[in-house]
Amino acid sequence: MNIMDFNVKKLAADAGTFLSRAVQFTEEKLGQAEKTEFDAHLENLLSKAECTKLWTEKIMRQTEVLLQPNPNARIEEFVYEKLDRKAPSRMNNPELLGQYMVDSGNEFGPGTAYGNALIKSGETQKRIGAADRELIQTAAINFLTPLRNFIEGDYKTITKERKLLQNKRLDLDAAKTRLKKAKAAEARAAQLNLSPPEENNVMVNVSYMLNLLHVKWLKSEQEVRIAQSEFDRQAEITRLLLEGISSTHAHHLRCLNDFVEAQMTYYAQCYQYMLDLQKQLGSFPSTALANHNQSSSTCVPSSSSTTPSTSVTASLSSISNSAASSTFVELKSSSGSRKARVLYDYDAANSSELSLLADEVITVYSIPGMDSDWLMGERGNQKGKVPITYLELLN
């Protein structure tokens, strides 16, 4: 029975507190009650926390879109994550494209130029797909998870304490309002006590009311002191939590560096894979390309409006290319060296190659057993293989 009485009293007290807060909040909105303002430092911290939460959510969502553009796949991953189950493994887009290329290359024949090129391209796409998986996994662990932990953990705690601080402020302002009304009532009763009474019993009633209001005033003043103490304590707790936002920014900065490093590794891998593929495709016999150009020229009828200058330009270009090719052939068959100008920038794929800068002049020569598309290049005490397509021999 005592427990039930206690629960009923507690429920009544909570209901009274809720009603008091609701009245205070409504009167503040209507401009009929005063409101205790937070200090400027606390307001700045609250604004900083809200701004951090807003942009962290936007960055997190857009990073998820970047790593997984398919919205259905993102929803599926979210459902499996909430169910604490591992999502089924599926091929990503580069891996699927690579598989199609490999299958088609085997269908056309690995011995044909096109089939071989498709197989090599497919294998490269699969390696890019594997690198993409590694990027997603690294970004999820080192970047997305810390951001999500802040939103679902730290900021929820801040929101809870901020709401509690708001309730303490409403309690304080409601107590101040009650004290103000008690003082005003006591002042009116004191004024009545000073006026000459017509009968003695009226005087007694006024004195009794004055004493009652004075007691009420003392009680209201005590409530204000208690409410002020609780408000100050909650404001300090909230301030300490909000000051941790600076540490959160420092932590997110480290996570951002990890994400950028993961992206840098991914794009460097993709670049290297495509560079190797380009070299492999460039080493195919040129007869296939020649046949393709010849078939294209036979399929497309020549226009009767072709001007003589166009034919002359094409002839001069053909003669120039033939002369350049014969010059390289002569150099590779001889044991001498020549000066060559670099046409384009070239990044060495490994230690056996020499990186090049456009318009620089280097010394080139051939060595026995070297591939037909490469020469040895020297620049000072540096030397290594260089592709002939990036060079122009000088007289």
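### Digging into helix α4 (residues 93–108)
For step 1, the next point in the chain: With 16 residues, α4 ought to run about 22 Å at 1.5 Å a step, and its terminal C-alpha atoms sit 22 Å apart, in line with that.
For step 2, the next point in the chain: Among the residues making up α4, those that are buried are P94, E95, G98, M101, V102 and G105. The arc that holds the buried residues of α4, viewed along the axis, is 120°, so those residues lie on one side. Exposed and facing more than 90 degrees away from the buried side of α4 are N93, Y100 and E107.
For step 3, the next point in the chain: Looking at where α4 begins, the residue whose side-chain oxygen comes 3.0 Å from the main-chain nitrogen of E95 is N92.
For step 4, the next point in the chain: Two residues or fewer past α4, G109 is found with a positive phi of approximately 115°.

### Here we look at the packing of helix α2 (residues 40–67) against helix α7 (residues 245–282)
For step 1, the next point in the chain: It is the contact of α2 with α7, at a shortest axis distance of 12 Å, that shows an interaxial angle of 15°. The angle between α2 and α7 falls in the class roughly parallel. Relative to α7, the crossing made by α2 is left-handed. Residue-level contacts link K48, A49, T52, T56, T63 and L66 of α2 to I245, S246, H249, H252, F259 and Q263 of α7.
For step 2, the next point in the chain: Per-class residue counts for the contact of α2 with α7 are four nonpolar, seven polar and one charged.

### Considerations on the pairing of strand β3 (residues 374–379)
For step 1, the next point in the chain: Relative to β3, strand β2 (residues 361–365) is paired through three bridges, and the arrangement is antiparallel. For Y365, the partnering residue across the bridge sits in β3 and is M376.
For step 2, the next point in the chain: The turn joining β3 and strand β4 (residues 382–387), which pair antiparallel and follow one another in sequence, is formed by two residues; a positive phi near 65° is taken by G380.

### So, the nonpolar core
For step 1, the next point in the chain: Counting 19 residues, the largest nonpolar core has F38, L42, L165 and L242 as the members making the most contacts within it.
For step 2, the next point in the chain: Listing elements by their share of this core, those giving two or more residues are α2, α5 (113–194) and α6 (200–243).
For step 3, the next point in the chain: When residues of this core are assigned to their parent elements, the largest contribution, eight residues, is made by α5.
For step 4, the next point in the chain: F38 has contacts with E43, L46, L165, Q166, R169 and F231, leaving out every residue within four places of it along the chain.
For step 5, the next point in the chain: In terms of nonpolar packing, the next biggest core, distinct from the first, is built from 18 residues, L331, V342, Y365 and Y390 among them.

### Some thoughts on α2
For step 1, the next point in the chain: When the terminal C-alpha atoms of α2 are compared, their 40 Å separation across 28 residues agrees well with the 40 Å that a helix rising 1.5 Å per residue should span.
For step 2, the next point in the chain: For α2, the full list of buried residues reads L42, L45, L46, A49, T52, T56, E57, M60, T63 and L67.

### Details of the sheet that holds strand β5 (residues 391–393)
For step 1, the next point in the chain: Spatial ordering of the open sheet is given by β4-β3-β2-β1-β5, a layout of five strands whose pairing is antiparallel. Each edge of the sheet is formed by a strand with only one pairing partner; in this case those strands are β4 and β5. Direction aside, neighbouring strands of the sheet carry axes that sit 40° apart on average.
For step 2, the next point in the chain: Bridge count for strand β1 (residues 337–342) against β5 is three bridges, and the pairing is antiparallel. If you follow R341 over to β5, its bridge partner there is E392.

So, how was this worked out
- Residues numbered from 1 in each chain as written.
- Predicted model: local features only at pLDDT ≥ 70, side-chain atom pairs only at ≥ 80, totals over all residues.
- Heavy atoms only, no water.
- Helix = DSSP H or I, 4+ residues; strand = E, 2+ residues; numbered from the N terminus.
- Expected span 1.5 Å × (residues − 1).
- Buried < 20%, exposed > 50% of the residue type's maximum accessible area, 1.4 Å probe, protein only.
- Arc of directions from axis to C-beta.
- Polar contact = N/O pair within 3.5 Å; in protein donor to acceptor, adjacent residues only side chain to side chain.
- Axes fitted to C-alpha atoms, helices over the stretch in contact; angles between N-to-C directions.
- Parallel < 35°, antiparallel > 145°, perpendicular 65-115°, else oblique.
- Left-handed = near helix turned anticlockwise from the far one by under 90°.
- Contact = heavy atoms within 4.5 Å.
- Nonpolar A, V, L, I, M, F, W, Y, C, P; charged D, E, K, R; others polar.
- Pairing = 2+ DSSP bridges.
- Core = buried A, V, L, I, M, F, W, Y, C linked by side-chain atoms within 4.5 Å.

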